[in-house]
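A closer look at the structure
Listed below are the residues making up each chain.
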Amino acid sequence: MPQVFQAAVVGAVSYSHARRLSLVHLEGPIMRQLLVLLLVIIALPVSAESRPNVILIITDDQGYGDIGAHGNDIIQTPNLDRLHSESVRLTDYHVDPTCSPTRAALMTGRYSTRVGVWHTINGRSLLAGEETTLAEVFKANGYRTGMFGKWHLGENYPCRPQDQGFDHVVWHKGGGVGQGPDYLGNDYFDDHYEVNGAWQKFEGYCTDVWFDQAIRYIGEKKDKPFFVYLATNAPHGPWFVDDKYSKPYRDAGLPQGAANFYGMVTNIDENLGRLRAHLEESGLADNTLLIYTTDNGTALGHAQGGGFKFFNANMRGIKSTQYDGGHRVPFFMHWPKGSLVGGRDVDPLCAHIDVLPTLVDVLKLDKPKGRALDGLSLKRAIAGEADGLPERTIVASVQRKFVPDKWDRTVAMNGKWRLVDGKALYDIKKDPGQQNDLAGKRPEVVAMLSQDYDRWWESMRPSLQKVTRYGIGGGENPMTMMSHDWLMEKGGAAWHQNHVRRNALINGPFAVNVVKPGKYRITPMRWPEYVDKPSGCVKVAIDIELHAGDPAVPAAMRHGGECDPAQRLPSYEFDLPAGPAELTTTLTREDGKTFGAYYVKVEYLGE
């Protein structure tokens, strides 16, 4: 980080002013020497300890209405309510309607479509290594960087959090605990999570573990400020939580699913209180910027059961919808030393793409050179300036396809207006439930938002065919990929552990980039390497389609043969040129049915 000089103070001090200070009555050379010393002291760089720490908490599937302070009189969130009362709050803050796209935009300050992340599986949830992330910005400015919990932007090099700027990583894999790339058998309690590249057994509930590990990391070193990205998987399904958190809601008459969902939020709230208490006790609270937000609208509509009518702050829609209930979420900022306190609302329309440029501006960080940002700094708006943000149109889109379609489950937002799917127009101030379509009455607004969206779409078109590839023979060797990330043009990948358990008959290719030419050992696996089970397969084939563009290199390679169903699958060696490729495996069962190996281990052996 560049040294921060107190230039404003230096500029305010002059010789004539110093003479008027009540404690300064010296004349001549002595006075001048003292003033020089004063100016030198004032101009000294701020120490590492004085730079603000930053904690960014993002929960999973918690909506705007899943907080007591937002009007929900059922859910118990006393610590969130306190944070709400003490924070600067973005009241019209928007994200994407699903997990990975929001995280990609938050990390980069660029639209998720532009960075190639518009789905949560099928090879469309991978954040390219060429993007510049928040973690890389903080790291370049001298910060320690720790990530705890959910990443959901790629499981392998160069997409992992440790490849994207984080020094210390404790995470579950995939889009949720128990999904395909995660440790087989994880169920929220006493699980295995990966710590800097190696699985490690933990005791306790997942959310408690993330906060425990973050608190431990915060206390490890004092010589550098820290950036902590604390991303809980809760309250994402499956809705598992200790009964002591869900029982009060069941006793209040909520169905089991809703009781568990609210119980998971209450557990998060308890951990937030524990974290803030630690910051207070450690003397860090005053100079720590604490941010609390969520990744999309509530999933309570999926969890409710029994016809329970949940609180959604009068908004229409939930997670995975293009209405405000799917993408308007809470965003609280608390930083006493930076005057981000007081329970104050900031109302202009803003979004996840604004977080990175805002932190760079507010914290006076140097942003490494990289790709142009889509977001804007909210610094002036946060300061209460009436013209703090220019008028603009922001786009949010559900897009869960191999290639996005124009206007598919999409909203264009500008001020109070919401144009949904290019057809329905709503005045969100007068009609927060989005029930009264004004498109016929306000054609000029429809035309304006349509034109803005058309410009946005054209700027995204170069990214629509983007394929982010895992790099074999690069920064992770050996590498084990999982079928969650098959590049699937049609249908869905085998993304969940249940697909593995029931032996789902699905297949697809891994999009890879051969970083170094040479010999590679490829091992298809029916089960993860740490599970000692036979494959149940009698035949295996590995196909690699190459795009090296060298006429001397064959366009495709295949190895394989018969195998013993009572044993693990064999390995095969390939001599690969550098460049992009698709790697597909085909396993044949004893009944003749085929499927792709859910796990594939690739090891670079040398030239």
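Higher on the page you've got the structure.
Conventions we followed
- Counting restarts for each chain, with residues numbered from 1 along the sequence as it is written.
- Thresholds applied to this predicted model are a pLDDT of at least 70 for local features of residues and 80 or more for the giving and counting of side-chain atom pairs; totals over whole chains, interfaces and linings are not thresholded and use all residues.
- No hydrogens and no water enter the side-chain calculation; it runs on all heavy atoms of the structure.
- Numbering of helices and strands runs from the N terminus, with a helix taken as a DSSP run of H or I at least four residues long and a strand as a DSSP run of E at least two residues long.
- Residues adjacent in sequence count toward polar contacts only when both atoms are side-chain atoms; beyond that, a polar contact is any pair of N or O atoms within 3.5 Å, and within protein one must be able to donate a hydrogen and the other to accept it.
- Only heavy atoms matter for contacts: two residues are in contact if any of them lie within 4.5 Å across the pair.
- Axis geometry follows a simple rule: fit a line to the C-alpha atoms, using only the stretch in contact for helices, then measure angles between N-to-C directions, giving values from 0 to 180 degrees.
- We call two directions roughly parallel when the angle between them is under 35 degrees, roughly antiparallel when it is over 145, roughly perpendicular when it lies between 65 and 115, and oblique otherwise.
- Should the near helix be turned anticlockwise from the far one by less than a right angle, the crossing is termed left-handed; should it be turned clockwise, right-handed.
- The nonpolar class holds Ala, Val, Leu, Ile, Met, Phe, Trp, Tyr, Cys and Pro. Asp, Glu, Lys and Arg form the charged class, and all remaining residues, Gly among them, are polar.
- One bridge is not enough; two strands pair if DSSP finds at least two bridges between them.
- Partly exposed residues are those whose accessible area sits between 20% and 50% of the maximum for their type, while under 20% is buried and over 50% is exposed, using a 1.4 Å probe and protein chains only.
- What the arc describes is the spread of directions from the helix axis to the C-beta atoms.

Glancing now at the side chain of asparagine 233. Examined against the element boundaries, asparagine 233 turns out to sit in the loop between β8 (226–231) and α8 (243–251). There is a polar contact of 2.8 Å between the side chain of asparagine 233 and the side chain of tryptophan 210. The contact partners of asparagine 233, leaving out residues within four places of it in the chain, are Asp60, Lys150, His172, Val177, Tyr188, Cys206 and Trp210.

A few words on the packing of α8 against helix α9 (residues 256–281). Here α8 crosses α9 at 130 degrees, and the two axes come no closer than 7 Å. In terms of their interaxial angle, α8 and α9 are classed as oblique. Note that α8 runs across α9; the crossing there is right-handed. Along its contact with α8, which presents Tyr245, Ser246, Tyr249 and Arg250, the element α9 presents Gln256, Ala259, Asn260, Tyr262, Gly263, Thr266, Asn267 and Glu270. Of the residues that constitute the contact of α8 with α9, the class distribution is 4 nonpolar, 6 polar and 2 charged.

Below, the discussion takes up the sheet that holds strand β2 (residues 88–90). Taken together, 10 strands build an open sheet; the order of strands is β7-β6-β5-β4-β8-β1-β9-β10-β2-β11 and the sheet is mixed. Each edge of the open sheet is held by one strand with a lone partner, namely β7 (198–201) and β11 (344–346). On average, adjacent strands in this sheet sit at an angle of 20 degrees to one another, irrespective of strand direction. Lying over the sheet, helix α4 (residues 78–86) contacts β2, β9 (288–294) and β10 (331–334), oriented at roughly 70 degrees with respect to β10.

The next subject is α8. Of the positions making up α8, those classed as buried are Tyr245, Ser246 and Tyr249. Projected down its long axis, α8 carries its buried residues within an arc of 80 degrees, all on one side. Along α8, exposed side chains directed more than 90 degrees from the buried face belong to Lys244 and Asp251. At the exit of α8 stands glycine 253, carrying a positive phi of roughly 100 degrees.

This part is about the sheet that holds strand β20 (residues 518–525). The strand order across the open sheet built from 4 strands is β18-β26-β20-β23, with neighbouring strands paired in antiparallel fashion. Each edge of the open sheet carries a strand with a single partner, namely β18 (479–482) and β23 (572–576). Taking the axes of each pair of neighbouring strands and ignoring which way they run, one obtains an average angle of 30 degrees across the sheet.

So, about the environment of aspartate 96. Checked against the element boundaries, aspartate 96 lands in the loop between β3 (93–94) and α5 (99–108). Separated by 115 residues in the primary sequence, aspartate 96 and phenylalanine 211 place their C-alpha atoms 25 Å from one another. Setting aside residues up to four positions removed in sequence, aspartate 96 forms contacts with Pro101, Thr102, Ala105, Ser112, Asp295, Asn296, Gly326, His327, His352, Ala396 and Ser397.

Read these as geometric descriptors, not functional statements.
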